[in-house]
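One letter stands for each residue in the lines below.
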Amino acid sequence: MSEVPSQNTIDPALEQAMRLPRIAIDTVQPVLDDGRFSAKAIIGQPVVVSCRVYADGHDQLAAMIAWRQKGEEGWRRAPLKRIDAGRDIWQGQFTASQVASHEFRIEAWWDLYETYRYELSKKHAAGVGVSLELTEGRQLVESAAQRAQGEIRAILDDLLHRLDSSHLDDERVSLLLSADTASVMAEADPREHYSASASYPIEVERPLAQFASWYELFPRSETDDPNRHGTLRDVHKRLPMIRDMGFDVLYFPPIHPIGRAHRKGPNNSLQAGPNDPGSPYAIGSEEGGHDAIHPQLGTLDDFRELVAAAREHGLEIALDFAIQCSQDHPWLKEHPGWFSWRPDGTIRYAENPPKKYQDIVNVDFYAEDAMPDLWLALRDVVWHWVEQGVKIFRVDNPHTKPLPFWEWLIADIRQRDPDVMFLSEAFTRPAMMARLGKVGFNQSYTYFTWRNGKAELSEYFTELNEHPLRDCYRPNFFVNTPDINPFFLQESGRAGFLIRAALATMGSGLWGMYSGFELCEAAAIPGKEEYLDSEKYQIRPRDYRAPGNIIAEIAQLNRIRRQNPALQTHLGFKPYLAWNDNIFYFGKRTADLSNFVLVAVSLDPHNAQEAHFELPLWELGLPDDAQTQGEDLMNGHRWTWYGKTQWMRIEPWQLPFGIWRFSAGVNEPDLK
């Protein structure tokens, strides 16, 4: 015979159900992989949080964002507002004031007084008697006063006195419905059915993680004689020009000793002459490894002096962190167990068939002898350069190294110094590129280099603005690199270089160029996206004042970026209509629309292009026949637009793009 449960026994499932939150909180953003990774934010800039908050019944809810720096005990809070009642969508924002790891959560509860106000206002407006509701309201205020302390208690006591002193229902209704009463009652709310979401991580970084212009050069080429190796001291004379072009970051490929075994010659040839410098990516020789400086470049003291001089010019030095080694690297003798060896006893060098890199060998992260010593040694290399004043690292091919290694290393370094940033040089599958952003890389190389048509540019820029990429991936639009001489630039002439510069500078808050771009260098190995006489294998002096350069245009593009907040991020992009597939026309705008920039770029470097196009009057809440103001940000000319549909003509031999500040305000007279 089965045993009858006692009346005092509660079914565990029922007990659990009674303890579950009554309010649902879901679809929280910005959140990556349910909180497995940190979303990205910038110090001093609002983090916009959205979610869905809902519950059974018709009672009113209240919700807030709670946030704090990781390790803190208390929470700061900011209100959430319901912006879409039909879909239960709430939104709010908070602003972090420290570069550090943070966390946030959503809190929600039954808003007793707001529910009461809502019902009282409906009945009073309908002319229904509310004497009982007035009694109920007084009871709510009295209960709140009993819970409150200090100033809130005093305000509520005064409110009770005013309610008791009034003999008119309309006066008491007015008191109970007032915004001031709602505000003070919210402070004393008992927060019935309080619910909280999980806590989600968010990494708050410094502004240079989102808005920066990078310039890359090989220090050894800072010479006027291809037979004389440039030095770190030679770089000093270039600092004013790089600064005046508007760059923030000066990036060097590896500056470490270069191996001699299997050294590459000009154009990646397998035979190097006695004076050929070799590839700087073949790191390590008897003079040292990743923590040393190539003797022909100078000394560690020279490097520190250059870092300080660059800082005086408003530039930060970025170094390449390339983990591969030459076959002369000290680690091969000191730690042979860190590398992979073939059955015949030879070391396994790097390959990317059909390419072979005989001058480079890779470490084996998961070799028995490599864990944890190799991981710690690589971390110590990064920290060594941080101690020399370097806060930015461009990481070579991070997608060929373990993701757990990067997640650990970046977190370790940023815990010691949260200002340190890492740029991922990963041209690989989209999922891997996004994952590198999730594990901690602050910026990333992109597919921008190969997006040339209007449709593919629009699609790619839009994708970067959408979740999840907008929360984990900051695109750095490099227009060229020592490894990539894009096909588009090889035949497009000066106009083509201006087209790509405009797309990069206007499309993202982060962009970069490798020296020679400003001179429109395009000579290529036939049929390949590689430079002829590549600087990776030889010293290349340049005349940076050569005729046909685009230095002035680059400087103005960077100046426009600094003067317009809408251009200081890849976010805020929206494509607009221009009836010509050769003209890519889009807008960049701040969230409050106080800064609105329109960009039209001809994608044809050889021919003039014309199009009718639409001004986005609807964005400003204006009718189709409204007057708006335009200002050409390249030359300062200003005018008035009449109506929505306009016409443009772009001539690439003049300037293959237009950049216009767009507003509903009234321009002052243009005196030019």
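Because the structure is a prediction, the values reported are computed rather than measured.

*Asks:* Explain the packing of helix H3 (residues 131-147) against helix H4 (residues 150-165) residue by residue, including any values.
*Replies:* Two numbers describe how H3 lies on H4: the axes approach to 9 Å, and their chain directions differ by 155°. As judged from the angle between their axes, H3 and H4 are roughly antiparallel. Considering the relative orientation of H3 and H4, their crossing is left-handed. Residue-level contacts link Arg138, Val141, Glu142, Ala144, Ala145 and Gln146 of H3 to Arg153, Leu156, Asp157, Leu159, Leu160, Leu163 and Asp164 of H4.

*Asks:* Account for the pairing of strand E17 (residues 421-425), naming residues and giving values.
*Replies:* The side chains of a regular strand alternate between the sheet's two faces. Most of E17 is tucked away, with five of its five residues classed as buried. Burial along E17 is two-sided: the face carrying Met421, Leu423 and Glu425 and the face carrying Phe422 and Ser424 are both buried. Examined bridge by bridge, strand E16 (residues 392-396) and E17 share five bridges and lie parallel to one another. Opposite Val395, over in E17, you have Ser424 as the bridge partner. Remark: the E16/helix H12 (residues 403-416)/E17 crossover connection has right-handed handedness. Judged from the two bridges that link them, E17 and strand E18 (residues 443-444) form a sheet pairing that is parallel. The residue of E18 that forms the bridge with Leu423 is Gln443. In the classification by handedness, the crossover that spans E17, the intervening helix H13 (residues 430-439) and the parallel E18 is right-handed.

*Asks:* Could you give an account of the UniProt feature "binding site: alpha-maltose 1-phosphate" (unreviewed entry) in the protein chain, naming the residues involved and the relevant values?
*Replies:* When the UniProt feature table is mapped onto this chain numbering, "binding site: alpha-maltose 1-phosphate" (unreviewed entry) sits at Lys264, Gln324, Asp359, Asn397, Lys536 and Tyr537. By secondary structure assignment, the location of Gln324 is in the loop between strand E13 (316-321) and helix H10 (330-334). Those residues in contact with Gln324, other than ones at most four positions away along the chain, are Tyr281, Ile283, His290, Ile360, Val361, Asn362, Asp396 and Lys401. Positionally, Lys536 belongs in the loop between strand E20 (510-514) and helix H17 (551-563). Judged by its relative accessible area of 15%, Lys536 falls in the buried class. What Lys536 contacts, discounting residues up to four positions off in sequence, is Phe218, Arg220, Gly278, Ser279, Pro280, Pro482 and Asp483.

*Asks:* Describe the side chain of Ser444, and please don't skip the residues or the numbers.
*Replies:* Structurally, Ser444 is set in strand E18. For Ser444, a relative accessible area of 2% corresponds to the buried category. Those residues in contact with Ser444 that sit more than four places away from it in its chain are Leu423, Ser424, Tyr473, Arg474, Pro475 and Asn476.

*Asks:* Please give an account of the packing of aromatic side chains that cites residues and values.
*Replies:* Pairs of aromatic rings are described using the distance from one ring centre to the other and the angle between the two planes. Taken as a whole, this structure holds 44 aromatic pairs when the rule is applied. Both rings, one in Trp641 and one in Trp660, keep their centres 5.9 Å apart while their planes meet at 75°; by these two values the pair is edge-to-face. With Trp641 in strand E26 (residues 638-642) and Trp660 in strand E28 (residues 657-663), the pair connects residues that are 19 residues apart, well separated along the chain. On the basis of relative accessibility, which here comes to 7%, the residue Trp641 falls in the buried class. Aromatic ring contacts, followed pair by pair, group Phe321, Phe365, Tyr366, Trp375, Phe393, Phe405, Trp406, Trp408, Phe422 and Phe441 into a single cluster. Lying across the ring of Trp109, Arg191 places its NZ or CZ 3.8 Å from the centre.

So, how was this worked out
Residues numbered from 1 in each chain as written. Predicted model: local features only at pLDDT ≥ 70, side-chain atom pairs only at ≥ 80, totals over all residues. Heavy atoms only, no water. Axes fitted to C-alpha atoms, helices over the stretch in contact; angles between N-to-C directions. Helix = DSSP H or I, 4+ residues; strand = E, 2+ residues; numbered from the N terminus. Parallel < 35°, antiparallel > 145°, perpendicular 65-115°, else oblique. Left-handed = near helix turned anticlockwise from the far one by under 90°. Contact = heavy atoms within 4.5 Å. Buried < 20%, exposed > 50% of the residue type's maximum accessible area, 1.4 Å probe, protein only. Pairing = 2+ DSSP bridges. Right-handed = clockwise from strand over helix to strand, strands pointing away. UniProt positions renumbered as here; feature names shortened; annotations may be inferred. Phe/Tyr/Trp six-rings, centres within 6.5 Å; stacked < 30°, edge-to-face > 60°. Lys NZ or Arg CZ within 6 Å of the ring centre and 35° of its normal.

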